[in-house]
Amino acid sequence: MFISDLELNHNTASIQRYKFSKKASKNEQLQSALKVYLLQAVIESFVDGILILTTQGELLHANECARRICRKLISAENSVNAIPEEIWSVCQSLMESRKLFPDQKISIESEIETDKSVKLRLRVRWLQLCASNDSVLLVTLEDCNQSSQNIAIADAKKYGLTDREAEVWLLRRGNLSYKEIADKLFITINTVKKHLKNIYAKQQDMLCLQ
């Protein structure tokens, strides 16, 4: 069978276009996967908990901090992907507000404190995903107790507190009373007051140097 130069060139060009198209498709898939990976890496790096939910309460994504907070609120072993009722009720409030104010961008903030010594500050707002016309719920969770501990640890380094002063300050930042701190550390209330006086003095000295 005889193939003309024109047909040969046409076939060669078609093969080259196919290879280029296939390579471009692979590059697009790689870039898409990279974007997803980077987004997940960024979400995991957040200090606060991040939940992404559908309006039906389906969990699309949660970073480790959010999973840890949810485990504190839900004790059932089979509730791995369950959304705590305290959080979902705030989400429902946002969905109800959308019916009343469909053209406004509304977010809802709330604080949750349970009998399990869990204190949360949460914010729920709408998130529009590019791949879908439907909006999802973006929930940010701040563990207030953990935040207080982080601040206390940073203060201990900043003001050069002793180990005992750091322990006292950590508990004080957690809103424990003098008596509760004394009982927890097996010291007297007067000793607690003495440590706090030293801490405040170190803070004042630092302010004077600035």
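Here, the structure is the one placed above.
These remarks concern the structure in this document. As the structure is a prediction and not an experimental result, all values here were calculated from the model.

## Observations concerning the packing of aromatic side chains
How two aromatic rings sit relative to each other is set out by the distance from centre to centre and by the angle between their planes.
Line of reasoning, step 1. One pass over the full model with this rule turns up 1 aromatic pair.
Line of reasoning, step 2. A ring pair is formed by W169 and Y200, whose centres lie 5.9 Å apart and whose planes are at 85°; its orientation type is edge-to-face. Of this pair, W169 sits in helix α5 (residues 163-173) while Y200 is found in helix α7 (residues 189-209), placing the two residues 31 residues apart along the sequence.
Line of reasoning, step 3. The buried category is assigned to W169, whose relative accessible area is 8%.

## Quick look at α5
Each turn of an α-helix holds 3.6 residues, which means side chains three or four residues apart point in the same direction.
Line of reasoning, step 1. Residues E165, V168, W169 and L171 constitute the buried set of α5. Along the axis of α5, the buried positions cluster into a sector of 165°, meaning they face one direction only.
Line of reasoning, step 2. Tucked into the core, α5 has its buried residues touching α4 (144-159), α6 (178-185) and α7.
Line of reasoning, step 3. Two residues or fewer past α5, N175 is found with a positive phi of approximately 65°.

## Considerations on the pairing of strand β4 (residues 119-128)
Line of reasoning, step 1. Summarising the sheet, strand β3 (residues 108-113) and β4 pair through 6 bridges and their orientation is antiparallel. Within the sheet, the bridge partner assigned to I112 lies in β4 and is L120.
Line of reasoning, step 2. Bridge count for β4 against strand β5 (residues 135-143) is 9 bridges, and the pairing is antiparallel. When the bridges of β5 are listed, Q128 appears paired with S135.

## What about α4?
Line of reasoning, step 1. In this model α4 runs 22 Å from its N-terminal to its C-terminal C-alpha over 16 residues, within 8% of the 22 Å that 1.5 Å per residue would give.
Line of reasoning, step 2. Of the residues making up α4, those classed as buried are C144, S147, S148, A152, D155, A156 and Y159.
Line of reasoning, step 3. Near the N-terminus of α4, the side chain that reaches the backbone nitrogen of N145, with its oxygen 3.2 Å away, is that of D143.
Line of reasoning, step 4. At the C-terminal side of α4, G160 shows a positive phi close to 65°.

Cut-offs applied
- Residues numbered from 1 in each chain as written.
- Predicted model: local features only at pLDDT ≥ 70, side-chain atom pairs only at ≥ 80, totals over all residues.
- Heavy atoms only, no water.
- Phe/Tyr/Trp six-rings, centres within 6.5 Å; stacked < 30°, edge-to-face > 60°.
- Helix = DSSP H or I, 4+ residues; strand = E, 2+ residues; numbered from the N terminus.
- Buried < 20%, exposed > 50% of the residue type's maximum accessible area, 1.4 Å probe, protein only.
- Arc of directions from axis to C-beta.
- Contact = heavy atoms within 4.5 Å.
- Pairing = 2+ DSSP bridges.
- Expected span 1.5 Å × (residues − 1).
- Polar contact = N/O pair within 3.5 Å; in protein donor to acceptor, adjacent residues only side chain to side chain.

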